[in-house]
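Listed below, chain by chain, are the residues.
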Amino acid sequence: MSSPNPNFEEVLTELKAARTKVESLTKELNAERRHRQNERTQFEKVVAEINNDVNLQLKRRLLDASSSTTEPLDRTDPEVKIIDQHTHLQSKVTTTNSCSFTVEIHDEPQAILEALKNDNQMKGFYQKVLRQDVVYWSFLLSTMKSCDLVVKLQVEKLDSGNEIVIKVCSVDDALYHLPTSPHSAASKQFRLLLKEGVILLRPLPFGQTSFTFTAQVDFGEIKTNMRTRQTTIVATTSVITNAKRGTSVTRLGKKSNSSKGGVTKSSFSASAEAGKANEVFCKIAKLFYNRFQKEDTIDAMKKLDFKNIIPNATPLTEAEHYQIAKAVELVDLVSSRAKRVVGTVNDFVEKFIHHPDDGGKMWAMTVANMDVSAVDLFTDLWLLDTFENRRENKRAAIREVWYNLDGTRGLQYAKSIGLPGFQDRLFKTWVTWEKRPNENGRHTYIISISPLEDYNGTHHEVTGAEKCVEATSRGVQVIKELTDNTCEWIRAQQADLKLSSAIPSSVIELVVMKEMASSDVCQDKYRRNGKEVDLERVADLSQVMRARRGTPLMEDQAAVFERCLSMAKDAVTGDDEDWKLKVLGWEDLDSPFPDVKMWIKYVDGKKEGQKRKQEEVKKKKKERSVATGRGVAIVDCSAEEVAALVMDYCSNERMRKSRENGHPARLTLRKEARENENTVATVKKMPAFLDNREFVARQIRTADKEGRMMVAIESVNDVVDYGVKLRKTRGFTRGLWIGEDLPSRGGAKQCRVIYIAQLDAGGVIPTWLVDKEVPQALSSVQEVVDEFRQDDRIDAAVRVGLSELMEERWGEEVYSEGEQLLIDKGKATIKAIVGSANLKVLESGDPLVTLKTAYLENDKLVTGIAESVVDGKLEEVAAFECLKMSREATRNFHRKGGIRNIVKKTRKFP
């Protein structure tokens, strides 16, 4: 084979080198092309930014040229008037007929813009879109006046759409077919002619919008000639002729003597015309506000936002710490010295007044249990600018709030109050707050209120302060968390109204009482179903008891339990056999309550605690004023829940029953109590000619070594302030509650409750009255049973157990001779009725039940029989019939007037 041609190899090498060079040049060209493309893109971006900036400046100049201002009104401007504190409506009017208003609207700017472009009708407002940018508005100003206008809306957006500016100007209505206004029946109709108008929509927090409307206004009245059907708009300036409608606009003034109806000089001043137009403007603002009103939604958003701020609030300053410490001291001082207001002992809100010994201004204090969570109540009390608060204080001429004073968590609050016959008083206060943890894991919120002069920082000027006399106020509010949805609210306040010393203190007390009534309004606002609230409290307290079982008692508390156990040592046993109790001196007591068994034991009133034979006691009936009662019941709950309900002495249900029964007082004393202890007081109403009986006692709870929950009750000698002098005799009581858990039935917890109560009513009272009062003292056991009753679940569980037993032992029953005789007799009776010749079918009130009667031979009575088909097993029907003492049957028996229903088992089920 011959070798390759050397010329061919050279050519191939050159081609490869050329190809490499071409590829290199191509890469360089592509890189240059990309670089030029990037430069072009950057250039176009810069040009676009310049154009946008130019357009923005042109828009701003255009808008500035169209109106004197596009900013919301400044309330510090002396020409700006605050028309409505509730809606933050402000208005401004000049003698050049330029009117402005600013009002808060409860929606986003874009939503308001869309609403202005669509048809709408609501009370007092009608809107019809005539063309894409032309709108007809009609406003009902009052029952006799209405106003309409035809405007063109030109939208301009600024700042990337955050703000919206709408140019508004009147147009010739001759070009459009105006709709019939629903307000045309008003006797006076007005037309607004707008010039150089601007609407500014500026976003506010919580989805709100600042709605500012500024325009030069011509204001005229629409008049119609009934004979010619010609409508005339009598206006201040300009003339618009509508030949198609036969409408002409003339100057507002006197009628012309000319037959053509010429123009005469106006009889109104320019300022009067502007004021009239401004009045219409303000009413239009309120109609716009009502159209978008969402006050409750905005309030809810503000409250939620503040709750999220609480955990990360600005740290307290040294001055704020000092003010809150002083406020807490004031609560302790006023609580220990204040006297109860007459007639408030059984109220939902307890009221107290304290007159300092040094002659200082009086203090007022209110205490109430609130059916709302502590954080919710604190939020409502702190947020003073909510619409709800504005409504409640709408009578206040001045009411302003400034939050975050100098970057702190405090606020400045200014409010005026009216005093009949005196100049209004203005209170300027500095308010701050603190959240404190409690020992039980709950929290307490403290709001400190001090005069503004105590704050060494910015003091905001209050508009209209010169018309009032400046007064001072100092106070504190404490919100203590009880459960997740309940709290205790303490409010103490002192106010110096700067009145003459010659004013009687009784007059000042009337003013104070009026202010304290606001606590009643707040308590009533949050009041929920009493039973539901009671169960919430019981559930929460029972969890605390369960978690703190085994906590040792203090020395004085242990002594109380020792005395109570000594009193009840022969009654704490769970054995309720009557003969055993009689041996120990107990007698059966007719219980007025079907679920509670009761016993009574008497002790000589003069020698309390000394045992005496029952015969000796009976000989001295008149000396008996001391009796010990014993009540036993099965309750459908845990032992902790029973103890929790007993400790909740002033629960809603107990207070309701106490008021209905006419008892003068029932309350829990405000003392420095321990967590497992209460001090309570009650005044019981007694029959005629007898003094009411007063009982003041300690309640102490604990758990014994056997796991039983126990609550000891013993009288104390504390003096109680009832707000009024009562005719009463102090009684003595000692009691012991014992709760022992039982196995659950039907999914319901159960416990056995024993309550031993020793009652010394004081004085010498008849035996029959003692016998009557002891069951009432033991009625608390029935209250506990009713509170946790689960009869349906328990009865169903018993029926299921009995029916299963019957099914399991079917055919294995062994009957006594008497039982077999009774069964045979029943079968023979049924057989005789079925085969009787005189069997008669009666009309039944139930289509599922057949009724029959027959006369049996040698039987003077009519015998009846009922037949029906039941959706259940035979054993279930038999179990239902056998349970004569089911809870439902017993309850129905007593509900229908039954006195005593006794069923004794002759033989226990296997």
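All residue numbers refer to positions counted from 1 along the written sequence of the respective chain. Under the rules for a predicted model, residues below a pLDDT of 70 receive no local features and side-chain atom pairs below 80 are neither given nor counted, while totals for whole chains, interfaces and linings still include all residues. Side-chain numbers here rest on the full set of heavy atoms in the structure, without hydrogens or water.

In the nomenclature of an unreviewed UniProt entry, the chain is known as START domain-containing protein of Triparma verrucosa.

**Q** Honestly, the overall build of the chain in this entry has me stumped. Any pointers?
**A** Under the scheme used here, helices are H or I runs from DSSP no shorter than 4 residues and strands are E runs no shorter than 2 residues, and both carry numbers assigned from the N terminus. The number of helices and strands found in the chain is 20 helices and 35 strands. Only protein chains enter the accessibility calculation, which uses a 1.4 Å probe; a residue is then buried when its area is under 20% of its type maximum, exposed when over 50%, and partly exposed in between. Relative to its 910 residues, the chain shows a buried fraction of 42%. For the chain, the exposed area adds up to about 51,600 Å²; of that, 52% sits on carbon and sulfur atoms. Only the protein chains shown count as cover for residues, with accessible areas throughout obtained via the Shrake-Rupley method and a probe of 1.4 Å.

**Q** What exactly am I supposed to notice about the pairing of strand E34 (residues 849–855) here?
**A** The two faces of the sheet receive side chains in turn, since in a regular strand these alternate between them. Any two strands between which DSSP finds at least two bridges are classified as paired. The sheet contact formed by strand E33 (residues 840–842) and E34 spans three bridges and is antiparallel. The residue of E34 that forms the bridge with Leu-842 is Leu-851. Between E33 and the antiparallel strand that follows it, E34, lie six residues. The sheet contact formed by E34 and strand E35 (residues 862–868) spans seven bridges and is antiparallel. Bridging from a neighbouring strand, Thr-853 pairs with Gly-864 of E35. Two successive antiparallel strands, E34 and E35, enclose a turn made up of six residues, where Asn-858 displays a positive phi of approximately 60°.

**Q** What is the right way to look at the sheet that holds E34 in this model?
**A** Either a parallel or an antiparallel arrangement is found when strands of a sheet pair, and the pairing is made through backbone hydrogen bonds. Read across the sheet, three strands follow the order E33-E34-E35 without closing on themselves; strand pairing throughout is antiparallel. A single partner strand is all that each edge strand has here, and the edge strands are E33 and E35. Strand-to-strand twist across the sheet, computed as the mean angle between neighbouring axes with direction ignored, equals 30°. Simply put, an axis is a line fit to the C-alpha atoms, just over the touching stretch for a helix, and the angle between two N-to-C directions goes from 0 to 180 degrees.

**Q** Could you clarify how one ought to interpret the pattern of salt bridges in this entry?
**A** Two side chains bearing opposite charge may form a pair once their charged atoms approach each other closely. The salt bridge criterion pairs a side-chain nitrogen of Lys or Arg with a carboxyl oxygen of Asp or Glu, the two atoms within 4 Å. A complete count under the given rule lists 42 salt bridges for this structure. Measuring nitrogen to oxygen at the nearest pair gives 3.7 Å for the salt bridge that ties Lys-303 to Glu-388. Here Lys-303 is found in helix H4 (residues 295–309), whereas its partner Glu-388 is found in helix H7 (residues 387–392), with 85 residues between them in sequence. The closest approach of N and O atoms between Arg-734 and Glu-714, which form a salt bridge, is 3.0 Å. In this pair, Arg-734 sits in strand E31 (residues 732–745) while Glu-714 sits in strand E29 (residues 709–715), placing the two residues 20 residues apart along the sequence. Pair check on accessibility: Arg-734 and Glu-714 agree, each one buried. Linked through salt bridges whose partners overlap, the residues forming this network are Lys-303, Asp-380, Glu-388 and Lys-525.

**Q** Which parts of the structure should I look at to understand helix H14 (residues 652–660)?
**A** Because an α-helix completes one turn every 3.6 residues, residues spaced three or four positions apart along the sequence face the same direction. The complete set of buried residues in H14 reads Asn-652, Glu-653, Arg-654, Met-655 and Ser-658. Of the surrounding secondary structure, the elements contacted by the buried residues of H14 are helix H9 (530–547), helix H13 (639–647), strand E26 (665–668) and helix H16 (779–787). Residue Gly-662 follows H14 closely and has a positive phi angle near 80°. Note on contacts: a residue pair qualifies if any of its non-hydrogen atoms lie within 4.5 Å across the two residues.

**Q** Honestly, the environment of Asp-718 in this entry has me stumped. Any pointers?
**A** As for its placement among the helices and strands, Asp-718 is situated in the loop between E29 and strand E30 (728–730). Placed 37 residues apart in sequence, Asp-718 and Ala-681 show a C-alpha to C-alpha distance of 9.3 Å.

**Q** It is not clear to me how unusual backbone geometry should be interpreted in this structure. Could you clarify?
**A** Most peptide bonds take the trans configuration, and most residues that are not glycine carry a negative phi. Non-glycine residue Phe-206 carries a positive phi angle of around 65°. The topology assignment puts Phe-206 in the loop between strand E9 (188–204) and strand E10 (208–225). The phi dihedral of Asn-404 is positive, around 55°, even though this residue is not glycine. Counting through the fold element by element, Asn-404 comes out in the loop between strand E17 (399–402) and strand E18 (411–417).

**Q** Explain the pairing of strand E28 (residues 692–703) here, please?
**A** Within E28, eleven of the twelve residues are buried, leaving the element largely enclosed by the surrounding structure. The sheet contact formed by strand E27 (residues 677–684) and E28 spans eight bridges and is antiparallel. Directly across from Ala-681, in E28, lies its bridge partner Val-696. Relative to E29, E28 runs antiparallel, the two sharing seven bridges. Across the sheet, the residue bridging to Gln-699 is Ile-713, located in E29. If you look at the hairpin formed by E28 and E29, you'll find five residues sitting between the two strands, and Gly-707 has a positive phi there, around 90°.

**Q** Explanation requested: the packing of H9 against H13 in the structure shown.
**A** How two helices pack is summed up by the angle between their axes together with the distance between the axes. Where H9 meets H13, the closest approach of the two axes is 8 Å, and the angle between their N-to-C directions is 120°. Taken together, the axes of H9 and H13 lie oblique to each other. Considering only the axes of H9 and H13, their crossing is right-handed. In this structure, H9 uses Val-538, Leu-541, Ser-542, Met-545 and Arg-546 to contact H13, whose residues at the interface are Glu-640, Glu-641, Ala-643, Ala-644, Leu-645 and Met-647. Only Asp, Glu, Lys and Arg are considered charged, only Ala, Val, Leu, Ile, Met, Phe, Trp, Tyr, Cys and Pro nonpolar, and every remaining residue, Gly among them, polar. Taken together, the residues of the contact of H9 with H13 sort by class into seven nonpolar, one polar and three charged. Small angles under 35 degrees read as roughly parallel and large ones over 145 as roughly antiparallel, with 65 to 115 read as roughly perpendicular and the rest as oblique. Left-handed describes a crossing whose near helix is turned anticlockwise from the far helix through less than a right angle; right-handed describes the clockwise counterpart.

**Q** Help me understand the nonpolar core in this model?
**A** Membership of the largest hydrophobic core comes to 39 residues, with the highest contact counts inside it found for Trp-137, Leu-194, Phe-211, Phe-213 and Phe-288. It is helix H3 (residues 270–291) that provides the largest number of residues to this core, a total of seven residues. Leaving out residues up to four positions away in the same chain, Trp-137 has contacts with Leu-116, Phe-125, Tyr-126, Gln-127, Cys-147, Asp-148, Leu-149, Val-151, Leu-153, Ile-199, Phe-213 and Phe-288. Working definition of a nonpolar core: buried Ala, Val, Leu, Ile, Met, Phe, Trp, Tyr and Cys residues. They are joined through side-chain atoms within 4.5 Å. Among the nonpolar cores identified, the runner-up in size contains 34 residues, and Cys-637, Val-642, Ala-697 and Val-774 belong to it.

**Q** When you look at the side chain of Thr-444 in this model, what are you seeing that I'm missing?
**A** On the secondary structure map, Thr-444 appears in strand E20 (residues 443–451). Among the residues examined, Thr-444 registers a relative accessible area of 10% and is labelled buried. A polar atom in the side chain of Thr-444 sits 2.8 Å from the side chain of Asn-438. Setting aside residues no more than four positions away along its own chain, Thr-444 makes contact with Glu-434, Lys-435, Arg-436, Asn-438, Val-478, Ile-479 and Lys-480. For this analysis, a polar contact is any N or O atom pair within 3.5 Å, provided that within protein one partner can donate a hydrogen and the other can accept it, and provided that sequence-adjacent residues contribute only side-chain to side-chain pairs.

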